[in-house]
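# Results of the structural survey
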Amino acid sequence: MSLVIRNLQRAIPIRRAPLRRNVEIVRSILGVEKFDLGIIFLDNKNIQHINGIYRKKNVPTDVLSFPFHEVTATHGLCHLLGFTHNSEAEWQKMYLREKQVLEELSQRTGAQLQPLSRGLF
């Protein structure tokens, strides 16, 4: 399946082609080739912010993993229903709806999901 690699930091050079090959080998070894995977490289400041939101730990960490498809699908569906986040007022409405949906999904599945746009404004 697909593999998306995004490098949003500048401290460590990322060589995408070798990384892609190695991730595909690891997927094969683990027997998990049939799922999409996104790898995003962040600087310490941004990963600390996300770690604080999702794990309540205000420190940088090396890896965070999420059942991202549920979160991105919820975010995308809110957009399709007309929600936007171009202003603080619009963001507030969308954030509250996303939060409500993800809280209910979390209750039903046992996950701990938060809106993508948390802390945007």
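See above for the structure.
The following paragraphs examine the structure supplied in this document. Everything numeric here is computed off the predicted structure, so don't read it as measured data.

## Some words on helix H1 (residues 16-30)
In an α-helix there are 3.6 residues to a turn, and that puts residues three or four apart on one side. Under the 1.5 Å per step criterion, the end-to-end length of H1 is 21 Å for 15 residues, consistent within 8% with the ideal 21 Å. Looking at H1, one finds that the buried residues are Pro 18, Val 23 and Arg 27. Against strand E1 (3-7) and strand E2 (37-41) lie the buried residues of H1. Gly 31 sits one or two residues past H1 and shows a positive phi near 70°.

## Overview of the pattern of salt bridges
With the rule as written, the count across this model stands at three salt bridges. A salt bridge links Arg 108 to Glu 104, with the shortest nitrogen-to-oxygen separation between them at 2.5 Å. One end of the pair, Arg 108, and the other, Glu 104, are both in helix H4 (residues 88-109), four residues apart, so they sit about a helical turn from each other. Looking at Arg 108, the relative accessible area reads 67%, which means it is exposed.

## Quick look at the pairing of E2
The sheet contact formed by E1 and E2 spans five bridges and is parallel. Following the sheet pairing, Leu 3 is matched in E2 by Leu 37. With H1 bridging E1 and its parallel neighbour E2, the resulting β-α-β unit is left-handed.

## Quick word on the side chain of Gln 9
Among the secondary structure elements, Gln 9 is positioned in the loop between E1 and H1. With a relative accessible area of 10%, Gln 9 lands in the buried category. For Gln 9, the side chain forms a polar contact with the main-chain nitrogen of Ala 11, separated by 2.9 Å. In this structure the side chain of Gln 9 is engaged in a polar contact, spanning 2.7 Å, whose partner is the backbone oxygen of Ile 12. In this structure Gln 9 touches Ile 14, Phe 41, Leu 42 and Asp 43, once residues within four positions along its chain are discounted.

## Points about unusual backbone geometry
We note that Lys 56 has phi near 60°; this positive angle belongs to a residue other than glycine. Tracing the sequence through the fold places Lys 56 in the loop between helix H2 (44-55) and helix H3 (68-80).

## Considering H4
With 22 residues, H4 extends 30 Å from end C-alpha to end C-alpha; this agrees with the ideal 32 Å at 1.5 Å per step. Considered for burial, the residues of H4 that qualify are Trp 91, Met 94, Tyr 95, Glu 98, Leu 102 and Ser 106. Looking straight down H4, one finds that the buried residues subtend no more than 105° of arc, so they occupy a single side. Turned more than 90 degrees away from the buried face of H4, the exposed residues are Ala 89, Lys 93, Gln 107 and Arg 108.

## Here we look at a nonpolar patch on the surface
Taken together, the side chains of Ile 25, Val 26, Ile 29 and Leu 30 define a hydrophobic patch exposed on the protein surface, amounting to about 420 Å² of accessible area. Within the secondary structure, Ile 29 sits in helix H1. By relative accessible area, which is 66% here, Ile 29 ends up exposed.

## A look at the environment of Pro 115
Along the chain, the position of Pro 115 falls in the segment after H4. Measuring from C-alpha to C-alpha, the distance between Pro 115 and Val 101 comes to 9.2 Å, with 14 residues separating the pair along the chain. Apart from the residues within four sequence positions on either side, Pro 115 is in contact with Tyr 54, Tyr 95, Glu 98, Lys 99 and Leu 102.

Rules and cut-offs
Each chain has its residues counted from 1, following the order in which its sequence is written. In view of the model being predicted, local features appear only for residues whose pLDDT reaches at least 70, and side-chain atom pairs are presented and counted only at 80 or more, with totals across whole chains, interfaces and linings using the full set of residues. Side-chain descriptors were evaluated using all non-hydrogen atoms of the structure, hydrogens and water having been removed beforehand. Numbering of helices and strands runs from the N terminus; a helix is a DSSP stretch of H or I covering at least four residues, while a strand is a stretch of E covering at least two. A helix's residues, less one, multiplied by 1.5 Å, set its expected span. Between buried and exposed lies partly exposed: a residue is buried under 20% and exposed over 50% of the maximum accessible area for its type, with that area taken using a 1.4 Å probe on protein chains only. Note on contacts: a residue pair qualifies if any of its non-hydrogen atoms lie within 4.5 Å across the two residues. Salt bridges, as used here, are contacts in which a Lys or Arg side-chain nitrogen is within 4 Å of a carboxyl oxygen on Asp or Glu. For two strands to be treated as a pair, DSSP must find no fewer than two bridges joining them. When the strands point away from the viewer and the connection leading from the first strand across the helix to the second strand turns clockwise, the crossover is called right-handed. Polar contacts, as used here, are pairs of N or O atoms within 3.5 Å; protein pairs need one atom able to donate a hydrogen and one able to accept it. Residues neighboring in sequence count only if both atoms are side-chain atoms. Picture the helix axis, draw a direction to every C-beta atom, and the arc is the one those directions span. Each patch is built from residues lacking any salt bridge and having more than 30% relative accessible area; the joining distance is 9 Å for like charges and 5 Å for nonpolar side chains (Val, Leu, Ile, Met, Phe, Trp, Tyr). Computed with a 1.4 Å probe, the accessible areas rest on the Shrake-Rupley method; for each residue, only the protein chains presented here act as cover.

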